[in-house]
Number of protein chains: 2
Amino acid sequence: MKTYLECIPCFIKQALNVCEHIDADEKTREKIVRRVLKRLSSIDLDKKPPEFAFYVYNTIEKVSPNIDFYKKIKQKDNLAALEALAKTKEIVEKAKDPLKAAAKAAIAGNIMDFAHHNNYNILETVSRSVDEKLSIDHYAKLLAELKQASRIAYLADNAGEIVLDRLFIEEIRKITQAEVNFFVRNKPIVNDATIEDAEQAGINKVANLKINKIRTTFPFTSNPSFVKFLKDQDVIISKGQANYECLSELKANIFFLLITKCPVITDHIKVKKGTFIIKNNLL
Amino acid sequence: MKTYLECIPCFIKQALNVCEHIDADEKTREKIVRRVLKRLSSIDLDKKPPEFAFYVYNTIEKVSPNIDFYKKIKQKDNLAALEALAKTKEIVEKAKDPLKAAAKAAIAGNIMDFAHHNNYNILETVSRSVDEKLSIDHYAKLLAELKQASRIAYLADNAGEIVLDRLFIEEIRKITQAEVNFFVRNKPIVNDATIEDAEQAGINKVANLKINKIRTTFPFTSNPSFVKFLKDQDVIISKGQANYECLSELKANIFFLLITKCPVITDHIKVKKGTFIIKNNLL
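Treat the numbers as computed from the prediction; the structure is a model and nothing was measured.

Participant: So what's going on with the overall build of chain A? Which residues, and what values?
Facilitator: Summing up its helical and strand segments, chain A has twelve helices and seven strands in all. The C-alpha radius of gyration computed for chain A amounts to 18 Å, which stays within 12% of the reference 19 Å derived for 283 residues, consistent with globular compactness. Principal axes of the C-alpha set define a box for chain A whose edges measure 55 × 40 × 35 Å. Residues counted as buried form 60% of the 283 residues belonging to chain A. Accessible surface computed for chain A: about 11,900 Å², of which carbon and sulfur atoms make up 49%. Looking at chain A, you have 45 positive and 37 negative side-chain charges, and the mean spots of the two groups are 3 Å apart.

Encoded structure:
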């Protein structure tokens, strides 16, 4: 997916958000925002939105190096999701189709996206997820292919959210013997999960933990070996908007699981804002 | 009021809004947004927000000259407000304090602000305005001073809204013999009222119509003769956020009547978003 002019106010808001979280003084905030604006004035719109978000974070890192901007938030989100886990398990186990309920709970976890807002109640979102109608529903295909799969790649999105991904993977493993490789970012960006978050969430107990190079080789599609790897997978589960933005054009068997959170994405997918989707990329 | 970094995403959204209204093609949109971003990267934050909004409109005018971007919207808003007038009059006349009810209806008219959103129902807003509690309420002082006044200046904001200003002025004239001078912009910017809008709203029947130079000598406070004029007034009624942004530091007897519509303004005034205020500048 290309970058739209409508994404630009959002990039600036992200820069301002991070400034708030690193308690930047006024002079530093101004310096960061001016740099971002100058860079935006010559932005290549053919590139994917996460590439520019990456630039925003790089700009901030130059001013405040070696800071994991969202470390505290991520830990808080992991804990909140872990606290919600027992209740979520109960919801999933009681459901008519536990795998589908777990998929929906994992989508509900996608509410924990600090790039878009910072006020979410994970248990409330999970609780209503069972009755949530998917605005794009390719679950039947996902189920059929998971049963046949021997290689599954799971591309994670945010800290906190990954606790519910773990629950979904537990349900997946009940219907398949496939190898599950779970990919997180190799460096912190926004509140995206890194290896530490995945370990805190206990993903290593249910899947192989892998690191993708999303912060250094952007986007996925510009990394030929990763593209080859993805094409070799039987099923790819991709969580969240940034992964969608990077992979929406890739001809691989990707299932995008996410909540639609911005007008650019909703226009692109042609659904309403705030809806849950399971969308297969080959249909 | 200075410009805050948080105003920047809003300036870009305004540029995109106008592009939509002039049906700009993709190349023109891109050109406008890039220019605005470049200019924003060296913005003087000590200037007032409307000065930069003015720059945004100037940039667009260079690409699409001689266009009153919001002409159609303004005419539609004037008509919608004129249609709501009879019902509003009824609400005002039935009220315990018709002048206060008319002031609140005039504030309700401030919902018609295209710089912030484009989806408003004027009659619904006016209807609930009677019961709306003002989050800052200097009405008692306004009433006392209107009664004593011999010179009143009324600084208008948006098309549509001015129809309800007219009703408020009619009520004001019932308690005072003062001269009322009603100021509109000399050139179109966003959906701010111009002389044509004021005539359509019938302001000329209840007040002297005057033009201020807000589009050419920005802000009010940089125009010494206008500042002198304002200081000589007994009461100044100032509608809307942009006028507040220009005049909040001026030591003159200004009553700001507006709906708080953006986080920067609400932080500055220290009230919640979406509230009605009548705020005197000398208290």
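Participant: Tell me about helix α4 (residues 71-94) of chain A, and name the residues and values.
Facilitator: All names here are of chain A. Between its first and last C-alpha atoms α4 spans 34 Å; for 24 residues at 1.5 Å apiece the expected length is 34 Å, and the two agree. Of all bends in α4, the biggest is about 45 degrees, found at Leu85. For α4, the full list of buried residues reads Ile73, Lys74, Asp77, Asn78, Ala81, Ala84, Leu85, Thr88, Ile91 and Val92. On its buried side, α4 packs onto α1 (8-21), α5 (98-109), α6 (122-129), α8 (161-175) and α9 (195-200).

Participant: A description of unusual backbone geometry should follow, citing residues and the corresponding values.
Facilitator: Residues and elements named next belong to chain A. Its identity is not glycine, yet Lys270 carries a phi of approximately 65 degrees, on the positive side. Inspection of the secondary structure puts Lys270 in the loop between α12 (263-269) and β7 (276-280). The class for Lys270 is exposed, based on a relative accessible area of 71%.

Participant: So what about the packing of helix α4 (residues 71-94) of chain B against helix α8 (residues 161-175) of chain B? Which residues, and what values?
Facilitator: Residue and element names in this part refer to chain B. α8 packs onto α4 with a crossing angle of 35 degrees between their chain directions and a minimal axis gap of 8 Å. Viewed along their axes, α4 and α8 form a crossing whose handedness is right-handed. Packed against α4, whose contacting residues are Asn78, Ala81, Leu82, Leu85, Thr88, Lys89 and Val92, the element α8 presents Ile162, Val163, Leu164, Leu167, Glu170 and Glu171 at the interface. Across the contact of α4 with α8, the residue classes tally to eight nonpolar, two polar and three charged.

Participant: Go over the relation of the copies chain A and chain B with me, naming the residues and quoting the values.
Facilitator: Structural alignment of chain A on chain B gives an RMSD of 0.0 Å, achieved by rotating through 180 degrees and translating 0.0 Å along the axis. Both copies of the chain, as the preceding transformation shows, are related through a two-fold rotation axis. Relative to the rotation axis, the C-alpha of Pro9 of chain A is the closest in chain A, positioned 2.2 Å from it. Mapped onto chain B, 100% of the interface residues of chain A are again interface residues, and the two copies thus contact each other with one and the same surface.

Participant: A description of the packing of aromatic side chains should follow, citing residues and the corresponding values.
Facilitator: Aromatic ring pairs are reported here in terms of the distance separating the ring centres and the angle at which the planes meet. Counted according to the given criterion, the structure contains 16 aromatic pairs over all chains. A centroid spacing of 5.3 Å and a plane angle of 75 degrees characterise the contact between Phe183 of chain B and Phe226 of chain B, whose relative ring orientation is edge-to-face. Of this pair, Phe183 of chain B sits in strand β3 (residues 179-185) while Phe226 of chain B sits in helix α10 (residues 224-231), placing them 43 residues apart in sequence. The two residues Phe183 of chain B and Phe226 of chain B agree in class, both being buried. Here the aromatic rings of Phe183 of chain B and Phe229 of chain B are separated by 5.4 Å at their centres, their planes lie at 65 degrees, and the arrangement is edge-to-face. Here Phe183 of chain B, found in strand β3, pairs with Phe229 of chain B, found in helix α10; they are 46 residues apart in sequence, far enough to count as distant. Looking at Phe183 of chain B, the relative accessible area reads 5%, which means it is buried. Among the aromatic residues, those joined into a cluster by ring pairs are Phe11, Phe52 and Tyr55 of chain A. Taking the ring centre of Tyr4 of chain A as reference, the NZ or CZ of Lys2 of chain A above it sits at 5.3 Å. Between the NZ or CZ atom of Arg39 of chain A and the centre of the ring of Tyr55 of chain A, over which it lies, the distance is 4.7 Å.

Participant: Account for the pairing of β7 of chain A, naming residues and giving values.
Facilitator: Residues and elements named next belong to chain A. Counting buried positions along β7 yields five of five residues, so the element is predominantly enclosed. Alternating residues of β7 divide into Phe276, Ile278 and Asn280 and Ile277 and Lys279, and every residue in both groups is buried. As judged from the five bridges shared by strand β6 (residues 254-259) and β7, these two strands associate in the antiparallel manner. In the sheet register, Phe255 faces β7, and the bridge partner there is Asn280.

Participant: An account of the pattern of salt bridges is needed here, citing residue identities and associated values.
Facilitator: Counted according to the given criterion, the structure contains 38 salt bridges over all chains. Between Glu90 of chain B and Lys87 of chain B there is a salt bridge; the shortest N-O distance is 4.0 Å. On the criterion of helical spacing, the pair formed by Glu90 of chain B and Lys87 of chain B is a turn pair, its members being three residues apart in helix α4. In this structure Glu90 of chain B comes out as partly exposed when scored by relative accessible area, which is 39%. By relative accessible area, which is 37% here, Lys87 of chain B ends up partly exposed. Put simply, Glu6 of chain A together with Glu26 and Arg29 of chain B are held in one network by salt bridges that share partners.

Thresholds, definitions, all that
Along each chain, residues carry numbers from 1 onward, in the same order as the chain's sequence is written. Chain labels run from A onward and ligand labels from 1 onward, assigned in the order the entries are written. At least 70 in pLDDT is required for a residue's local features to be given in this predicted model, at least 80 for side-chain atom pairs to be given and counted, and no such filter applies to totals for whole chains, interfaces and linings, which use all residues. For the side-chain quantities, the full set of heavy atoms in the structure was used; hydrogens and water were omitted. Where helices and strands are cited, they refer to DSSP runs of H or I of at least four residues and of E of at least two residues respectively, numbered from the N terminus. Atoms counted for the radius of gyration: C-alpha only. Globule rule: 2.2 Å times the number of residues to the power 0.38. Burial classes: relative accessible area under 20% of the type maximum marks a residue as buried, over 50% as exposed, and values in between as partly exposed (1.4 Å probe, protein chains only). Only the protein chains shown count as cover for residues, and the accessible areas themselves come from Shrake-Rupley with a 1.4 Å probe. Counted as positive: Lys and Arg. Counted as negative: Asp and Glu. His and the chain ends are not counted at all. Charge coordinates come from a single atom per side chain, which is NZ of Lys, CZ of Arg, CG of Asp or CD of Glu. Helices are assigned an expected span. That span is 1.5 Å times one less than the residue count. Consider a residue and the seven residues that end there alongside the seven that start there; fitting an axis to each set, the bend is the angle between those axes. Should any heavy atoms of two residues lie within 4.5 Å, those residues are counted as being in contact. The axes are straight lines fitted to the C-alpha atoms, using for helices just the contacting stretch, and the angles between their N-to-C directions are given from 0 to 180°. If you view the pair so one helix is near and one far, a crossing is left-handed when the near helix is turned anticlockwise from the far one by less than a right angle, and right-handed when it is turned clockwise. The classification used treats Ala, Val, Leu, Ile, Met, Phe, Trp, Tyr, Cys and Pro as nonpolar, Asp, Glu, Lys and Arg as charged, and all other residues, Gly among them, as polar. Copies are brought into register by a least-squares superposition over C-alpha atoms of residues with pLDDT of at least 70 in both. To pair, rings of Phe, Tyr and Trp, with the six-membered ring standing in for Trp, must have centres within 6.5 Å; the planes then decide the type, stacked if under 30 degrees apart, edge-to-face if over 60, and tilted in the middle. Counted as over-ring charges are cases with an Arg CZ or a Lys NZ within 6 Å of the ring centre that also lie within 35 degrees of the ring normal. Strand pairing is assigned whenever DSSP identifies at least 2 bridges connecting the two strands. Each salt bridge in this description consists of a side-chain nitrogen of Lys or Arg and a carboxyl oxygen of Asp or Glu lying within 4 Å of one another.

Geometry only, nothing functional implied.
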